[in-house]
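Fold and contact review
Listed here are the chains, written in short residue letters.
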Amino acid sequence: MKSLSDWPRPLMDTGVGLHVQTQASNQVYGVDSPEAREHPDTWRQMGVRWLKLLTDGDSQLKAAERFVKLGFMVVVRFHAEKPHPGFVPAVDLMKRFTDVGVRYAEGGNEADHPVEYTHRPSIKELGEQYLLFADAAAHAGIIPCFYAFEGDRLIDWVLPIFRYIIEKRKRRDALEGSALAGHWRPGNYWRRQPDASEKT
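Notes on the structure in this doc start here. Treat the numbers as computed from the prediction; the structure is a model and nothing was measured. (Residues numbered from 1 in each chain as written. Predicted model: local features only at pLDDT ≥ 70, side-chain atom pairs only at ≥ 80, totals over all residues. Heavy atoms only, no water.)

Overview of the overall build of the chain
- For the chain, the count of helices and strands is six helices and six strands.
- Across the 200 residues that make up the chain, the buried fraction comes to 46%.
- In the chain, the proportion of contacts linking residues at least 24 apart, taken out of those at least 6 apart, comes to 75%.
- Working note: accessible area of the chain is about 10700 Å², and carbon and sulfur atoms make up 52% of it. (Helix = DSSP H or I, 4+ residues; strand = E, 2+ residues; numbered from the N terminus. Buried < 20%, exposed > 50% of the residue type's maximum accessible area, 1.4 Å probe, protein only. Contact = heavy atoms within 4.5 Å. Areas by Shrake-Rupley, 256 points an atom, 1.4 Å probe, with all protein chains shown as cover.)

A few points about helix α4 (residues 123-140)
- Spanning 18 residues, α4 covers 26 Å between terminal C-alpha atoms, matching the ideal 26 Å at 1.5 Å per step.
- All buried positions along α4 are accounted for by Leu126, Gly127, Gln129, Tyr130, Leu131, Phe133, Ala134, Ala136, Ala137 and Ala140.
- On its buried side, α4 packs onto α3 (91-98), β4 (104-106), β5 (143-146), α5 (154-168) and α6 (172-176).
- A positive backbone phi angle near 80 degrees is found at Gly141, which sits one or two residues after α4. (Expected span 1.5 Å × (residues − 1).)

Looking at the layout of surface pockets
- By volume, the second largest pocket amounts to about 160 Å³.
- Lining the second largest pocket are 12 residues, with Arg77, His79, Ala80, Val115 and Glu116 sitting closest to its centre. (1 Å grid on protein atoms, 1.4 Å probe; cavity = no way out; pocket = protein on both sides within 12 Å on 5 of 7 lines; lining within 4 Å. Points joined across faces, edges and corners; volume = space filled by probe spheres on them.)

Looking at the sheet that holds strand β3 (residues 73-78)
- The six strands are arranged β1-β2-β3-β4-β5-β6 in an open sheet whose pairing can be described as parallel. In this open sheet, the two edge strands, each paired with only one partner strand, are β1 (16-19) and β6 (179-180).
- Note: strand β2 (residues 48-55) against β3, six bridges, orientation parallel. From the neighbouring strand, Trp50 faces β3, where its bridge partner is Met73.
- This element, helix α2 (residues 61-69), spans β2 and β3 of the sheet and lies at about 170 degrees to β2. (Pairing = 2+ DSSP bridges. Axes fitted to C-alpha atoms, helices over the stretch in contact; angles between N-to-C directions.)

As structure tokens, this is what we get:
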């Protein structure tokens, strides 16, 4: 069993991160864009240490490499139209990001949202999809992040999928090697905060 200290973290970790773009095109946060040059200093002043990049194939590879070199812990989410319940990023693609220092990857997003699925997936389908992703990520040397859900839907979706993986498939190992992505928007709070005055 791993402890939290075993997981890669940025130097001077604050627990604060940004999803820096919502389009996967390489025209967004291209390595030479004004945003890529100017925003990192502002982010650091805000306490940001984690960045999530949405990538279409390797469209964000150069940006990921740049942000890693600047000291951010980069999480890459691989884009696909309606990724659930069948999409799994290719091992060789994930390996390209591993090679530039990316440590975490997501292979899907809010699997209960109609925009993200071809048909409303079952708990079993999402469990099987995640196992394929986790195994592919292990081969690529990158840490898989379990699909992000809105915070208020963790009980309805995440816990039943975990039970399926652990109890039905006997694959606790797949979860012990994973991180958990989350969308904490409903509360609009920093994930680590000393008091309620620090709303964002």
